[in-house]
Amino acid sequence: MSQDSQHGKWTISDSEDEDNIIPPTPQKGLNKPSIKPDLEIKPDKVITFFKQEPKLSPKRNEKAENSHPVKEPSAPSMGSEARKAAHVNQTVPVKYESNSSPAVKRKRETEEGGWNLSSSDDEAPPPVMKNEPKKPNLSPKRKKTEVKRPPSPHGTSYYKEEPTDFFETNLLSMNDMYRFYLNKVTGIPKKFNTGALHIKDILSPMFGMLKESVQFNYCFDIPWMVEQYPPEFRDKPIILVHGEKRESKARLIEQAKPYPNIRFCQAKLDIAFGTHHTKMMLLWYEEGFRVIILTSNLIRADWYQKTQGMWMSPLYPRLPEGSPGTAGESATNFKRDLLDYLEAYRAPELAEWIDRIKQHDLSETRVYLIGSTPGRYQGPAMEKWGHLRLRKLLSEHTQPVQNEERWHVIGQFSSIGSMGLDKTKWLAAEFQRTLTTLGKAGKSFVSPETQMLLVYPSVENVRTSLEGYPAGGSLPYSIQTAQKQLWLHSYFHGWHADVTGRSNAMPHIKTYMRVSPDFTQLAWFLVTSANLSKAAWGALEKNNTQMMVRSYELGVLYIPSAFNMSTFPVEKNVFPASSSSKGFPVPFDLPPLRYSSKGAFTTEMPIVNFFKRNNSKRNEKGLPIPSDYVA
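What you see is a predicted model, and the numbers here were worked out from it, not measured in a lab. (Residues numbered from 1 in each chain as written. Predicted model: local features only at pLDDT ≥ 70, side-chain atom pairs only at ≥ 80, totals over all residues. Heavy atoms only, no water.)

Novice: Help me understand the overall build of the protein chain in this model?
Specialist: When helices and strands are tallied, the protein chain shows 14 helices and 22 strands. Taking all 631 residues of the protein chain together, the buried fraction comes to 57%. Sequence-distant contacts in the protein chain: of pairs separated by 6 or more residues, those separated by 24 or more amount to 78%. (Helix = DSSP H or I, 4+ residues; strand = E, 2+ residues; numbered from the N terminus. Buried < 20%, exposed > 50% of the residue type's maximum accessible area, 1.4 Å probe, protein only. Contact = heavy atoms within 4.5 Å.)

Given below as structure tokens:
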């Protein structure tokens, strides 16, 4: 696939969970763009490159080009400015045109209109012009020509319809020991998709005859989502749990108008700049009930050529009539923790589902639930959410290992927040202490011998990916944040996933683990929606007496003792999946490889917005040319 011949015009976007960057002050006299109000003043402005600017949305461009109104798309993506890119990449691509860049266009407009904008408040006033007869404008009015747009920035035929044998037809190839699955990826050898799942597989009758469902997520494309349900289930009741507000909420509701079976539940975001980032499905069947906790947004791009993961619960049967609500609990207290998480929404729309879950037997669950919900917590409540919840579970349910200071900590994610001027502010202090906890007898301090390896794609990873540079739209790490924490670059390792055939499928999955010195054993493994940020994991306040969490997140923790094991062996042959394998399917290669330090330094930097903001260069095809990497 040619990566530099079909792309259109790109711009910069925001991330989903940054906290501390102050937005730039707008120039006086310029029309203020119409953007999502709850993100307009977001302090940790995270910038992602390669996001397409949805030129056809009047709400974005009506002030810049109000003389050329255009039709608004019927289903704009929901979510932050950064993640809107993914949906725009498929249904609202940029208009292909040969016009100049927006900066040059504005300059021409001001010159042709006979006025100029000042870049300073201190310039002298312009001289008073004498009354002279107005000269007629001899330039003929240029007529704007509309060019038919392809359905994707990648080209007219980017999205391919998957063949029939792409989807699962039976459960024989599924490894139900860990119930951890990767998403199918289009464009890789078939064997690497055997035992992986597509959303159409998840919602198919193969797993049960669906009666109702709840979709918790961050980004939604409702028409696309509805199409993923089998035709016989598309009119079944669906609740969408979201965190949208104001205009973006109105757009989400507008998307659902053709579907009377869809209702909404708004997640309360009581702390500024938090997001509803949880991704979960609750599925109620004629045969029982199922929970799926995953990393994919409900947009097509997230299920196409990205590495994603999920935990799928067993089918939970209904308890005998008259059973108490506490019946059907698992050894991991999953039922109690799931109910606590749902009750934290304080949403009447979920009350029926809470009662429904109480009526089912969840005792076969072998994972622990780790969630984040917005709030400031003190006392015992501090250990209920975020990374302190993880620390508590690791303390209570893992055992110290020999030479544990040599066991590495690995974090792998798709977005990075602001963590302070040095590693002691959060990462190597409270967060690393959590990740290095092993049992109550474990060391209560961070050993300098314990290495933390952070896996995040480099520019070279993205350049050679299945999606090409547009894959960077789902890997937000702002250049402002990166420049403030250059110390973090020494932790970075590139994305390599030959073991799962996904080296060229950029990760949107988030995983954390503790691995032996020889990378063959795991002390624990976590798959979650939480990226590397204080907003997602929480941060201690008031001399460590209070925990503050901004966002909703959800994941599941695998601990060997719940599987009657001392450690998890790392699976060497993940695909094709085998139902008899006891190895854990880590989704990328171990050990991770550090970013190159020879020659290719500029192309091995993490994916940040490495273009000059107002002067990004493009080739003759419109593809951005990397020219200003963060060093």
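Novice: Teacher, can you tell me more about the packing of aromatic side chains here?
Specialist: Describing an aromatic ring pair means giving the distance of the ring centres and the angle of the ring planes. Enumeration over the complete set of coordinates arrives at 32 aromatic pairs. When the centroid spacing of 6.2 Å and the interplanar angle of 85° are considered together, the rings of Tyr456 and Tyr477 count as edge-to-face. In this pair, Tyr456 is assigned in the loop between strand 13 (452-455) and helix 12 (459-463) and Tyr477 in the loop between helix 12 and helix 13 (479-484), connecting sequence segments 21 residues apart. We classify Tyr477 as buried; its relative accessible area is 0%. Between Tyr512 and Trp537, the aromatic rings sit 5.3 Å apart at their centres with planes inclined by 85°, giving edge-to-face as the arrangement. (Phe/Tyr/Trp six-rings, centres within 6.5 Å; stacked < 30°, edge-to-face > 60°.)

Novice: Looking at this structure, I do not really get the nonpolar core. What am I missing?
Specialist: Nonpolar side chains tend toward joint burial in soluble globular proteins. Judged by nonpolar contacts, the single largest core of 116 residues is most densely connected at Met280, Leu282, Leu427, Leu488, Leu557 and Tyr558. The biggest single contributor to this core is strand 16 (residues 521-528), with six residues. For Tyr558, the contacting residues outside a window of four places in its chain are Tyr178, Arg179, Phe180, Trp311, Val367, Trp524, Phe525, Val527, Phe563, Phe568 and Phe584. Judged by nonpolar contacts, the second largest core, of 30 residues, contains Tyr181, Leu197, Leu210 and Val226. (Core = buried A, V, L, I, M, F, W, Y, C linked by side-chain atoms within 4.5 Å.)

Novice: How should I be thinking about the pairing of strand 13 in this particular structure?
Specialist: Within a regular beta strand, the side chains point alternately toward one face of the sheet and then the other, so they alternate between its two faces. Taking every second residue as pointing to the same face, both faces of strand 13 are buried, with Met452 and Leu454 on one and Leu453 and Val455 on the other. In the sheet, strand 13 pairs with strand 14 (residues 492-493) via two bridges, with the strands oriented parallel. Across the sheet, Leu454 pairs through a bridge with Phe492, a residue of strand 14. (Pairing = 2+ DSSP bridges.)

Novice: What's the story with the packing of helix 10 (residues 386-397) against helix 11 (residues 427-435) in this structure? I'm lost.
Specialist: Angle between the axes and distance between the axes are the two parameters that describe a pair of packed helices. At a closest axis distance of 8 Å, the pairing of helix 10 and helix 11 adopts a crossing angle of 35°. Relative to helix 11, the crossing made by helix 10 is left-handed. Across the interface between the two elements, His387, Leu388, Leu390, Arg391 and Leu394 of helix 10 pack against Glu430, Phe431, Arg433, Thr434 and Leu435 of helix 11. Partitioned by chemical class, the residues of the contact of helix 10 with helix 11 number five nonpolar, two polar and three charged. (Axes fitted to C-alpha atoms, helices over the stretch in contact; angles between N-to-C directions. Left-handed = near helix turned anticlockwise from the far one by under 90°. Nonpolar A, V, L, I, M, F, W, Y, C, P; charged D, E, K, R; others polar.)

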